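Architecture at a glance
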Amino acid sequence: MSTDGLSVDAGVRTLLLLMPRMVGRIKRVKVPEQLQSLNLAPRHLSLLAYLLFDGPLGVNELAARLEVAPATVSLMVGDLSRRGVVERREDDADRRRTIVAIAEESREAVDRWLARGARAWRKALEPLTPAERLLFVETLQAYEREVLAEEGEEAEG
């Protein structure tokens, strides 16, 4: 890539060629055998990623991060808990608060599933300045919003 930058059309052309390759590779990421039978949806992946990278979180905090209602997270957590992927417990400091964590028996499988993508993103983002990282993430979010607007939907993030 040139250090002089790209025209908008050249950037669009490059991304139109790159994005299908990236999506194809992401779709080929094998779900660990332990998790295959669970038919996990993308929303489960996001929830598990937060728990893996940030540790145990409250239902309301997960809901805020996922930008969904706490009731939606409670349903997801209940589903994953019944399947043995996550564990729920009361917060010792506030018994009304439920803390969610990846179940110990599922931690290795979840980590294997998410680690490769995390390493690739880390390697791609590390050379950038914090401002460049922010611009990159905001650009992807803007793209998502525009695609969804064309489809008459709203972005989740």
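The rules we used
- Residue positions are given per chain, counting from 1 as you read along its sequence in written order.
- This being a predicted model, a pLDDT of at least 70 is required before a residue's local features are given, and a value of 80 or more before pairs of side-chain atoms are given or counted; all residues contribute to the totals for chains, interfaces and linings.
- Working from all heavy atoms in the structure, the side-chain values ignore hydrogens and water.
- For the purposes of this entry, the term helix denotes a DSSP run of H or I that reaches at least four residues, the term strand denotes a run of E that reaches at least two, and both are numbered from the N terminus.
- Contacts are assigned to residue pairs with any non-hydrogen atoms lying within 4.5 Å of each other.
- In this analysis, a patch consists of residues with relative accessible area above 30% that form no salt bridge, clustered at 9 Å for like charges and at 5 Å for the nonpolar side chains Val, Leu, Ile, Met, Phe, Trp and Tyr.
- Here the Shrake-Rupley method, with its probe set to 1.4 Å, supplies the accessible areas, and only the displayed protein chains count as covering residues.
- Think of a salt bridge as a Lys or Arg side-chain nitrogen and an Asp or Glu carboxyl oxygen that are within 4 Å of each other.
- Positive residues here are Lys and Arg, negative ones are Asp and Glu, while His and the chain termini are left out of the count.
- Think of each charge as sitting on NZ of Lys, CZ of Arg, CG of Asp or CD of Glu.
- For each residue, the accessible area found with a 1.4 Å probe, counting protein chains only, is set against the maximum for its type, and the residue is called buried under 20%, exposed over 50%, and partly exposed in between.
- Residues grouped as a nonpolar core are buried Ala, Val, Leu, Ile, Met, Phe, Trp, Tyr and Cys residues, joined through side-chain atoms within 4.5 Å.
- For two strands to be treated as a pair, DSSP must find no fewer than two bridges joining them.
- Orientation is described by axes fitted as lines to C-alpha atoms, over the contacting stretch for helices, and by angles from 0 to 180 degrees between their N-to-C directions.
- You can read pLDDT as the predictor saying how much it trusts each residue, on a scale of 0 to 100.

A word on the environment of Tyr143. Its location among the elements puts Tyr143 in helix H7 (residues 130–150). A C-alpha to C-alpha distance of 25 Å links Tyr143 and Phe53, two positions 90 residues apart in sequence.

Moving on, we come to the environment of Ala101. Examined against the element boundaries, Ala101 turns out to sit in strand S3 (residues 98–102). In sequence terms Ala101 and Asp4 are 97 residues apart; their C-alpha atoms lie 46 Å from each other. Sequence-distant contacts of Ala101, defined by excluding residues within four places in its chain, comprise Leu51, Pro56, Val86 and Glu87.

Turning our attention to a negative patch on the surface. Together, Glu146, Glu150, Glu151 and Glu153 line one region of the surface with negative charge. Mapped onto the fold, Glu150 is located in helix H7. What makes Glu150 exposed here is its relative accessible area of 71%.

Glancing now at the pattern of salt bridges. Tallied over the entire structure, the rule returns nine salt bridges. With a closest N to O distance of 3.3 Å, Arg95 and Glu90 form a salt bridge. Exposure remark for Arg95: the relative accessible area of 54% places this residue in the exposed category. Among the ionic pairs, Asp94 bridges to Arg96, the shortest N-O distance being 3.1 Å. A residue is classified by how much of its surface remains accessible, and Asp94, at 25% relative accessible area, is partly exposed. Taken together, the salt bridges that share partners define one network made up of Asp54, Glu61, Arg65, Asp91 and Arg97.

Another point: a nonpolar patch on the surface. Judged by side-chain polarity, Trp121, Phe136, Val137 and Leu140 come together as a nonpolar surface patch covering roughly 330 Å² of accessible area. A per-element tally of the nonpolar patch places H7 first, with three residues. Topologically, Trp121 is positioned in helix H6 (residues 104–125). Among the residues examined, Trp121 registers a relative accessible area of 41% and is labelled partly exposed.

So, about the nonpolar core. Grouped together as the largest cluster of nonpolar side chains are 25 residues, with contacts concentrated most on Leu47 and Leu48. Contributing elements (two or more residues each) for this core: helix H3 (42–54), helix H4 (59–66), helix H5 (70–82), S3 and H6. A total of five residues in this core trace back to one element, the largest contributor, which is H3. Those residues in contact with Leu47 that sit more than four places away from it in its chain are Leu62, Leu66, Val73, Met76, Val77 and Leu80.

A few words now on the sheet that holds strand S1 (residues 57–58). What the three strands build is an open sheet, ordered S1-S3-S2; its pairing is antiparallel. Of all the strands in the sheet, the pair left with one neighbour each is S1 and strand S2 (86–90). Strand direction decides the pairing type here: S1 and S3, joined by two bridges, are antiparallel. What sits directly across from Gly58, in S3, is Ile99. Relative to S2, H5 is tilted by about 115°, and along the sheet it contacts S2 and S3.

To continue, consider the confidence of the model for the protein chain. Per-residue pLDDT for the protein chain averages 89, and the proportion of residues at 70 or more is 96%. Within the protein chain, the element-level pLDDT minimum falls on helix H2 (residues 33–36), averaging 81, and the maximum on S1, averaging 95.

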